[in-house]
Each structure stands twice: as structure tokens, then as C-alpha cells.
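Close look at the chain arrangement
Now for the letters of each chain:
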Amino acid sequence: MVVARARVVVLASGGGTNLQALIDASSNAEYPAAVVAVGSDRRRSGALDRASAADIPTFVTALEDYADRATWDAALAEATGSHQPDLVVLAGFMRLVGPAFLERFPNRVINTHPALSPAFPGMHGPRDALAHGVKITGCTIFVVDGGVDTGPIVAQASVPILDDDDEASLHERIKVRERELLVQTVAELATDTYRIEGRKVVRP
Ligand code: GAR
């Protein structure tokens, strides 16, 4: 029996190690999802290089090429939608997607954040956790809504903060855990029919 794998479009702005983890996982035919395209808001990024190296189609939708945010958001939705994703994964995508994007893929956009939500939302999760002096932080995978790292939580993993951690060492340790959690969560979402009830992601 041939079972279709879930089609995943990944959006990324940076180095793309989370993307790479998904590419590596999907190189195993038994993995229930496949990365079918990678998009970025930056013309050059490690993520785009990683996609090209794996022969995965790429697209760039850069904010500065559009008259305003709404037009950019609609173009991003169109470019992403042209690859017919079952699931969209934001993996270090450093822009907020807007209403047109979220309406096009209702409850099918997930994001990964390097902190234990609802603590430390935004661009500097590891830095903010260190500055606050917490002893445990981690990563959160959530369904994207209109807020900043506020959507219903799908999965979390904890990471201890060590006395001699700086932002880079902490973020690197979080990312090791984050990549595993992302690969596992995408596999689960690809095989389960999940639904959102209030703040909860309910799976069979
Ligand atoms: C990841 O830690 C991701 O959670 C974070 O950017 C990193 C990307 O790493 N995203 C955010 O902080 C968004 N709020 P990568 O490019 O190596 O996958």
C-alpha cells in the first residue's frame, strides 16, 4: 500500500538547522511527512542553501519588495499555497505572518520557539530567560495565531540553564532538543487528525 506523506512547506530566515532536521527525517521513506518547498523572507540564508543542497524547491518573499505588510502577507500565502502544503512549519522564520496567511491555512501553521511559552515570547527567548534568572527553560511548538508566540501549544521540552551559560551556549542546547521535538511533532501531526479546542490541541 502506498501512503501519501504529508506535504510540509517550511519557512525559515536563518541558518536552518531545524529545517535540516526535517529534511534528514524525511529522507527516510517511513517518515510520514516530506518537505516539499522552503520559503524565506531573506534572499540569502543558510536555510535556502540547505534546501537547494537537498534539491527542494525554494522561494523568497521579501517584505521590502512589497508596498505594505498586507500585500507581502498575501504574496507569502500565495507562494506557500502553490506547493499545496498539508502543514506549514515556521522554523526560525523571523517575521509575523498575517491574517491572509493564517486564513489560507487554518490551524495548519506551526511554529517553534526557544522558550517555554508563555514565558519569554519574541525574538530573544534564550537571552530573556537568562536575564530573568530562571533555572529551567526549553522550547515550545505551537499552532500559530495572530499573536507573538501565543498560539495553542502542541509540545514542549525543558532544558536546564547552567551557571556558566551565555546566550549562545543556552540557545545551542535548546536547539538540540528543539530539533528532536520538531521532527517528532511533525510526524505526529502528519499522522493524527488534530483539532483545536480553546487553548488546547486535542489529538486522538
Ligand atoms: C530556533 O531556535 C527557533 O526556535 C528560533 O530561531 C531558531 C532558528 O534556528 N525562532 C525564534 O526565536 C522565533 N521566535 P535554525 O535557523 O538553526 O533552525
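None of these values were measured; they are calculated from a predicted model.

Let us look at the layout of surface pockets. By volume, the largest pocket amounts to about 630 Å³. Gly92, Phe93, Met94, Thr112 and Pro114 are, among the 36 residues lining the largest pocket, the residues nearest its centre. For the lining of the largest pocket, the secondary-structure elements that each account for two or more residues are α1 (17-26), β5 (109-113), α5 (125-132) and α6 (167-191). It is α6 that provides the largest number of residues to the lining of the largest pocket, a total of 4 residues. Among the residues making up the lining of the largest pocket, the classes are represented as 13 nonpolar, 16 polar and 7 charged.

Of note, the bond from Ser117 into Pro118 is cis; its omega dihedral lies within 30 degrees of zero at 10 degrees. Even without being a glycine, Asn107 presents a positive backbone phi close to 55 degrees. Mapping Asn107 onto the fold places it in the loop between α4 (99-104) and β5. Phi at Phe120 takes a positive value of approximately 55 degrees, unusual for a residue other than glycine. As for its placement among the helices and strands, Phe120 is situated in the loop between β5 and α5. Given a relative accessible area of 18%, Phe120 falls into the buried group.

Another point: the nonpolar core. Residues Val10, Leu22, Val89, Ile110 and Val186 are the most contacted members of the largest nonpolar core, which totals 42 residues. The set of elements that each furnish at least two residues to this core consists of β1 (6-11), α1, β2 (33-40), α2 (46-53), β4 (87-90), β6 (136-143), β7 (153-160) and α6. The element best represented in this core is α6, accounting for 8 residues. Residues Leu63, Trp72, Val97 and Phe105 belong to the second largest nonpolar core, which totals 20 residues.

Rules used throughout
- Residues numbered from 1 in each chain as written.
- Predicted model: local features only at pLDDT ≥ 70, side-chain atom pairs only at ≥ 80, totals over all residues.
- Heavy atoms only, no water.
- 1 Å grid on protein atoms, 1.4 Å probe; cavity = no way out; pocket = protein on both sides within 12 Å on 5 of 7 lines; lining within 4 Å.
- Points joined across faces, edges and corners; volume = space filled by probe spheres on them.
- Helix = DSSP H or I, 4+ residues; strand = E, 2+ residues; numbered from the N terminus.
- Nonpolar A, V, L, I, M, F, W, Y, C, P; charged D, E, K, R; others polar.
- Buried < 20%, exposed > 50% of the residue type's maximum accessible area, 1.4 Å probe, protein only.
- Core = buried A, V, L, I, M, F, W, Y, C linked by side-chain atoms within 4.5 Å.

Function-wise, these values are silent; they only describe arrangement.
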